[in-house]
Amino acid sequence: MGSWACSSAGLAMQQLLLVWLLAGVLALPADRVGPLQAAIGLPGVIIMLWGGANADRTDARAILTRVFGAAALVPFGLVLALELGGLNVWTVTAWGLGLSAALSFSSPAQQAVLNRIAGRDLQRGVTAATAISMFTYMIGLRVAGQLDSLGLRQVLLAQSLCLGAAALWIRRIGSQPVNDGEAGAPAWRRIVEGFRASYRQRPVFDAMTVNFVSSIFNAGAFFTVLPFIVLRVYDGDAELLSWLMILFFAGAVVSNLIMLRFMPFQQPGRWFVVLQLSRILVLFLIWIEPAWWLVVTASVAWGLNMGVTTTLARAIVQEAAEPQTRGRVLSVFGLGLLGAPLIGAIILGWIVEEYGALAGLVPGMAASVLLFTYSMAATGLWRYRSRS
């Protein structure tokens, strides 16, 4: 949990800094910011699959120690660029690529370690990890939001400290067992088997499919559209964006803490399906361009919704996956979480530039209706029963 918390804070800083450096500091239009976000994140999609293949056959703790240690050095590259007067699209992209690669490779290993430690109490383990990581995510957003007052150098040094601390924390747990069943298999074959395992386990496939499509237009809206709404509609700055994102994740923390009280859920798929539909109201409230206090209220509600749906999707995948392929299945799940917002960034960035910032919320409302209908008519999520 300590390592998860520190790495989440570092990730939060990257996500806010990346979009604000591109849109707010370098003043790029939305139809350039979206593709750049996608280009920076795309290598991480491939690396995450590789990380999942390794998580099933090596000591995941050792992987995390090395990856977080290396990631802690990346922010110093952007600090050096600042000192030399070279803050531009290329140096920001290089910094973003380095951290995206490291954090993508580490994600399946983190999930695998959690699964082995939590045992049968997996729903609570996933929920507790999500709540803690989102709490420290808020701290990371708050630090990154002080970009104008603290300075970019100081924020980058704080990011490096967080990632270094994540490496030190993970070393405190014991060595993790290794799955030797496919020790001689090439990485590509283990990756392919991860996709096959995800497809043949119906609850896993259903949860992944719905979560992936939802993330294209909802996570995409949060990371690409919301900054432009703050910047263009409400004339805000990095600090205002950070506060709005903090309140979003505060809602997610609260929903996870509430879920801890009532877990384990015997039929988690029902909540997951119903909350797909409820997201329409949240996006509609922001879309009508209300007073700022209502935007804040809607952001908190959005976070409450996301906290439940993301946690339940992850819990369903982790408990339904076969133990021998769990790391690879989780890497495929992570591929959706990481890749969907990148697709959304390209689509929604174009919509924002062509039709205005608020128009970027419309696809999310339509997707919510379609996903609810699809979940009820074509999946077994409503009938899924937990093994916990």
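Please refer to the structure higher up on the page.
Residues numbered from 1 in each chain as written. Predicted model: local features only at pLDDT ≥ 70, side-chain atom pairs only at ≥ 80, totals over all residues. Heavy atoms only, no water.

Draft legend 1. Looking closely at the overall build of the protein chain. Assigned secondary structure in the protein chain consists of 16 helices and zero strands. On C-alpha atoms alone, the protein chain measures out to a radius of gyration of 20 Å, which is about the 21 Å that the 2.2 N^0.38 rule sets for 388 residues. Each of the three principal axes of the protein chain carries a C-alpha extent, and together these read 55 × 45 × 35 Å. Out of the 388 residues belonging to the protein chain, those deemed buried represent 57%. A separation threshold of at least 6 residues defines the contact pool for the protein chain, and within that pool the share at least 24 residues apart is 88%. Just so you have it, the protein chain exposes about 15,300 Å², and 67% of that area is on carbon and sulfur atoms. For the protein chain, the distance from the average site of its 26 positive side-chain charges to the average site of its 18 negative ones is 12 Å. (Helix = DSSP H or I, 4+ residues; strand = E, 2+ residues; numbered from the N terminus. Rg over C-alpha atoms; globule rule 2.2 N^0.38 Å. Buried < 20%, exposed > 50% of the residue type's maximum accessible area, 1.4 Å probe, protein only. Contact = heavy atoms within 4.5 Å. Areas by Shrake-Rupley, 256 points an atom, 1.4 Å probe, with all protein chains shown as cover. Lys, Arg positive; Asp, Glu negative; His and termini not counted. Charge placed at Lys NZ, Arg CZ, Asp CG, Glu CD.)

Draft legend 2. Broad picture of a nonpolar patch on the surface. On the surface, Leu 281, Phe 284, Trp 287, Ile 288 and Val 362 cluster together to form a nonpolar patch covering roughly 450 Å² of accessible area. As for its position among the elements, Leu 281 is in helix H13 (residues 268-287). With a relative accessible area of 56%, Leu 281 lands in the exposed category. (Patch = residues over 30% accessible without salt bridge, like charges linked within 9 Å, V, L, I, M, F, W, Y side chains within 5 Å. Salt bridge = Lys/Arg side-chain N within 4 Å of Asp/Glu carboxyl O.)

Draft legend 3. Summary view of the packing of helix H11 (residues 219-233) against helix H12 (residues 238-262). Two elements in contact, H11 and H12, have axes separated by 10 Å at closest approach and are oriented at 135°. Taken together, the axes of H11 and H12 are oblique relative to one another. Handedness of the H11/H12 crossing: right-handed. On H12, the residues touching Phe 222, Phe 223, Leu 226, Pro 227 and Val 230 of H11 are Leu 240, Leu 241, Leu 244, Met 245, Phe 248 and Phe 249. Of the residues that constitute the contact of H11 with H12, the class distribution is eleven nonpolar, no polar and no charged. (Axes fitted to C-alpha atoms, helices over the stretch in contact; angles between N-to-C directions. Parallel < 35°, antiparallel > 145°, perpendicular 65-115°, else oblique. Left-handed = near helix turned anticlockwise from the far one by under 90°. Nonpolar A, V, L, I, M, F, W, Y, C, P; charged D, E, K, R; others polar.)

Draft legend 4. Structural detail: H11. For H11, with 15 residues, the first-to-last C-alpha span of 20 Å sits near the 21 Å given by 1.5 Å per residue. The sharpest bend along H11 comes to roughly 40°, located at Val 225, with the proline Pro 227 sitting one to four residues further on. Every buried residue of H11 is accounted for by Gly 220, Ala 221, Phe 222, Thr 224, Val 225, Leu 226, Pro 227, Phe 228, Ile 229 and Val 230. (Expected span 1.5 Å × (residues − 1). Bend = angle between axes of the 7 residues up to and from the residue.)

Draft legend 5. Representation of the environment of Tyr 137 within the structure. Residue position: Tyr 137 is located in helix H6 (residues 122-145). Here the alpha-carbon distance between Tyr 137 and Val 33, two residues 104 residues apart in the chain, equals 22 Å. Setting aside its immediate chain neighbours within four residues, Tyr 137 contacts Ser 8, Leu 11, Ala 12, Gln 15, Phe 223 and Phe 249.

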